[in-house]
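Letter by letter, the chains look like this.
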Amino acid sequence: VSLRTGGSGEWRRERVEEEIADAVRIFERAGDDAGLATAYRLLGWSAGTACRFGDCVAAEELAIEHARRAGDIRQERRAITAYAGATSLGPTNVDEAIARCEAGIEATAGDRQSEGNLLAVLGGLYAMQGAFDRARELVSRARSLLQELGLELDTARVGIEAWRTEMLAGRLDSAEEELRRSYDALEARGEKYTLSTIAG
C-alpha cells in the first residue's frame with residue numbers, strides 16, 4: 001500500500017483505504033490469512049489516525065482473527081494491543097474495554113512489550129472508572145516494564161495514560177508533568193508521530 005500520491009509528498013486517506021480494500025480482495029482470493037491480518041492492521045491504523053475508533057476496533061478484530069488462522073503470533077499480539085487501545089478511545093463501554101484489555105494481557109502472555117502497552121491502556125481505563133490508585137499502579141508497572149526493555153518510544157507513550165489518569169483525578173499539575181516528560185523524551189529522539197498528539 002502506497003501512502004503517497006503524486007509528487008507532492010501528501011497522501012489521501014480515501015486512496016489509502018481503497019488500496020487496502022483492493023489488497024483485502026487479493027488476499028481473500030489467495031486464502032492468505034497473514035496478508036489479510038496485515039491489511040486489516042493497516043486499515044485499523046488508518047481509522048485510528050482519523051479518530052474513527054469504532055472502525056479501528058472492527059478492523060483490528062479481523063486482524064486478530066486472521067493472524068490466529070495464519071499462526072502469526074507477532075501480528076496477533078500487535079493487533080491485540082492496537083485493538084485494546086482503540087476500545088479505550090472509542091464507543092466501547094469501559095467495563096467491556098477493561099475485560100477485553102485483560103483478555104489481551106492473557107492472550108499475549110510472554111510478550112513483555114505487549115504486556116507493558118496493555119497495562120498502560122488498562123490503567124487509563126480504570127481511571128475512567130475513578131479507580132485512580134489502581135490506574136496509577138498499572139501505569140507505573142507499564143512504564144517500569146517498558147523502560148526495563150529499553151523501549152523508549154513505548155515508554156513515552158505511557159505518558160498519555162498517566163496524563164489521562166491525573167486529568168480525570170483533577171490533578172492538573174501532575175497531568176501536565178506527565179505530558180512534559182513524554183514530550184521531552186520524544187523531542188530528544190526526533191520523533192514526531194506521537195509527539196504531535198502529546199503536544200496537542
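Residues numbered from 1 in each chain as written. Predicted model: local features only at pLDDT ≥ 70, side-chain atom pairs only at ≥ 80, totals over all residues. Heavy atoms only, no water.

> Could you clarify how one ought to interpret the side chain of T108 in this entry?
Take T108: it is sitting in the loop between α5 (94–107) and α6 (112–128). Using a relative accessible area of 1% as the deciding quantity, one classes T108 as buried. Not counting chain neighbours up to four residues away, the residues in contact with T108 comprise R77, I80, S114, E115 and L118. (Helix = DSSP H or I, 4+ residues; strand = E, 2+ residues; numbered from the N terminus. Buried < 20%, exposed > 50% of the residue type's maximum accessible area, 1.4 Å probe, protein only. Contact = heavy atoms within 4.5 Å.)

> Where do I start with the nonpolar core in this structure?
A general trend in soluble globular proteins is that nonpolar side chains are found buried together. Core analysis: the largest hydrophobic core is formed by 34 residues, its most contacted members being V24, C101, L122, L125, Y126 and V158. Elements that contribute at least two residues to this core include exactly α1 (13–30), α2 (33–49), α3 (53–70), α4 (73–89), α5, α6, α7 (132–148) and α8 (152–168). Among the elements that line this core, the one with the most residues is α6, at eight residues. Every residue in contact with V158, bar those within four places of it in the chain, is listed here: A120, V139, A142, R143 and L146. By size, the runner-up hydrophobic cluster in this structure holds five residues, among which are A156, L179, L195 and I198. (Core = buried A, V, L, I, M, F, W, Y, C linked by side-chain atoms within 4.5 Å.)

> Got a minute to help me understand α6 in this structure?
Two residues of an α-helix separated by three or four positions point the same way, owing to the 3.6 residues in each turn. Compared with the 24 Å implied by 1.5 Å per residue over 17 residues, the 25 Å span of α6 between its first and last C-alpha is a close match. Of all 17 residues that make up α6, 13 are buried, and the element is covered over most of its length. Where α6 begins, one side-chain oxygen reaches toward the backbone nitrogen of Q113, 3.1 Å away; that side chain belongs to D111. Positive backbone phi, at 85 degrees, marks G130, one or two positions downstream of α6. (Expected span 1.5 Å × (residues − 1). Polar contact = N/O pair within 3.5 Å; in protein donor to acceptor, adjacent residues only side chain to side chain.)

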